[in-house]
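Chain residues, written in single-letter form:
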Amino acid sequence: MRRVLSLFLPRWAIDRRRLNGTPSARPFILAASLGGRRVVTAVNAAAADEGILPGMGAADARALCPDLGIAEADFAGDAAALARLARWCNRFSPWTSPAGTDGVFLEITGCAHLFGGEAGLAAQAVERLARQGIESRAAIADGRGAAWAVARFGRDPVAVVPCGGARTALADLPVAALRLDSDIAILLMRLGLRRIGDLY
């Protein structure tokens, strides 16, 4: 059966900047001009602790934290670096590809035994990324969609969904884990359909 590992990099743009020498101790954000206004696109942990979130106006973020560090978002640079990271992941599987703007997919069918099993492979990937200063979460499932959802919305930083167990693993996750358009996800929640299991 096909098995997929999804690596989720929740602070990829920030981690990439830190690897290039941007200090991480003080609150720091990336911002871009979107729709005629300056918007926060990424935050480090210190900024998140101040209540600053992606999507917030940069002026509002500055009001919350006057000594906030701000740099320009570099979407093209982030994408190029993510493609390089996907190639780096070839040490775990010969089949890797970027997953959106903040993750990597690895087709690991037939590879896991080389790393002590699926849990061992996922744990090694997370550990090796952490050594490079890259925060990550990992999930393995039968398909990309399930692995993507569990990596981003699951409880554990490293999760292995048993073969055939995706339905059970997804049931308690929010409907946003289905990668729906945000308007559809909001509508479903207004209708009381908050978890994927509510749609079964």
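Residues numbered from 1 in each chain as written. Predicted model: local features only at pLDDT ≥ 70, side-chain atom pairs only at ≥ 80, totals over all residues. Heavy atoms only, no water.

**Student:** In this structure, what is going on with the packing of helix α1 (residues 12–19) against helix α4 (residues 75–88)? I would like to understand it.
**Tutor:** Any two packed helices are characterised by the angle at which their axes cross and by the distance between the axes. It is the contact of α1 with α4, at a shortest axis distance of 10 Å, that shows an interaxial angle of 85°. Comparing the axis directions of α1 and α4 gives the class roughly perpendicular. Here W12, A13 and R16 of α1 lie close against α4, whose contacting residues are G77, D78, A81, L82 and L85. Grouping the constituent residues of the contact of α1 with α4 by class yields five nonpolar, one polar and two charged. (Axes fitted to C-alpha atoms, helices over the stretch in contact; angles between N-to-C directions. Helix = DSSP H or I, 4+ residues; strand = E, 2+ residues; numbered from the N terminus. Parallel < 35°, antiparallel > 145°, perpendicular 65-115°, else oblique. Contact = heavy atoms within 4.5 Å. Nonpolar A, V, L, I, M, F, W, Y, C, P; charged D, E, K, R; others polar.)

**Student:** I would appreciate a short explanation of the sheet that holds strand β3 (residues 37–43) in the present structure.
**Tutor:** Taken in spatial order, the three strands of this open sheet run β3-β2-β4, and their pairing is mixed. In this open sheet, the two edge strands, each paired with only one partner strand, are β3 and β4 (69–72). With direction set aside, neighbouring strand axes in the sheet form an average angle of 40°. Pairing between strand β2 (residues 28–34) and β3: six bridges, direction antiparallel. If you follow L30 over to β3, its bridge partner there is A42. (Pairing = 2+ DSSP bridges.)

**Student:** Is there a simple way to explain the environment of V126 in this structure?
**Tutor:** Mapped onto the secondary structure, V126 falls in helix α5 (residues 118–131). Remark: the alpha-carbon pair of V126 and P66, spanning 60 residues in sequence, is separated by 34 Å. Aside from chain neighbours lying at most four places away, what touches V126 is S136, R137, A138 and V158.

**Student:** In this structure, what is going on with the sheet that holds strand β8 (residues 158–160)? I would like to understand it.
**Tutor:** Strand pairing in a sheet relies on backbone hydrogen bonds. The paired strands run either parallel or antiparallel. Spatially, the five strands line up as an open sheet ordered β5-β6-β1-β7-β8, and their pairing is mixed. Bordering the open sheet on either side are β5 (95–98) and β8, each of which pairs with just one other strand. On average, each strand axis in the sheet is inclined to that of its neighbour by 15°, with strand direction left out of account. The sheet contact formed by strand β7 (residues 137–141) and β8 spans three bridges and is parallel. Looking across to β8, one finds that A138 is bridged to V158. Docked against the sheet, α4 engages β5 and β6 (103–107), running at close to 165° with respect to β5. In this fold α5 packs onto β1 (4–8), β7 and β8, with an angle of close to 160° to the strand it touches most, β8.

**Student:** Please explain the nonpolar core as it appears in this structure.
**Tutor:** One recurring pattern in soluble globular proteins: nonpolar side chains tend to sit buried together. Among the nonpolar cores identified, the biggest contains 25 residues, and L5, L7, L85, V104 and L106 are the most heavily contacted of them. Of all the secondary structure elements, the ones that give two or more residues to this core are β1, α4, β6, α5 and β7. Sequence-distant contacts of L7, that is, excluding residues within four places in its chain, are made with C89, D102, G103, V104, L106, A125, L129, R137 and A138. Counting residues in each nonpolar core, the second largest holds 18 residues, with V4, A147, L170 and I196 among its members. (Core = buried A, V, L, I, M, F, W, Y, C linked by side-chain atoms within 4.5 Å. Buried < 20%, exposed > 50% of the residue type's maximum accessible area, 1.4 Å probe, protein only.)

Spatial relationships are all this shows, so hold off on functional conclusions.
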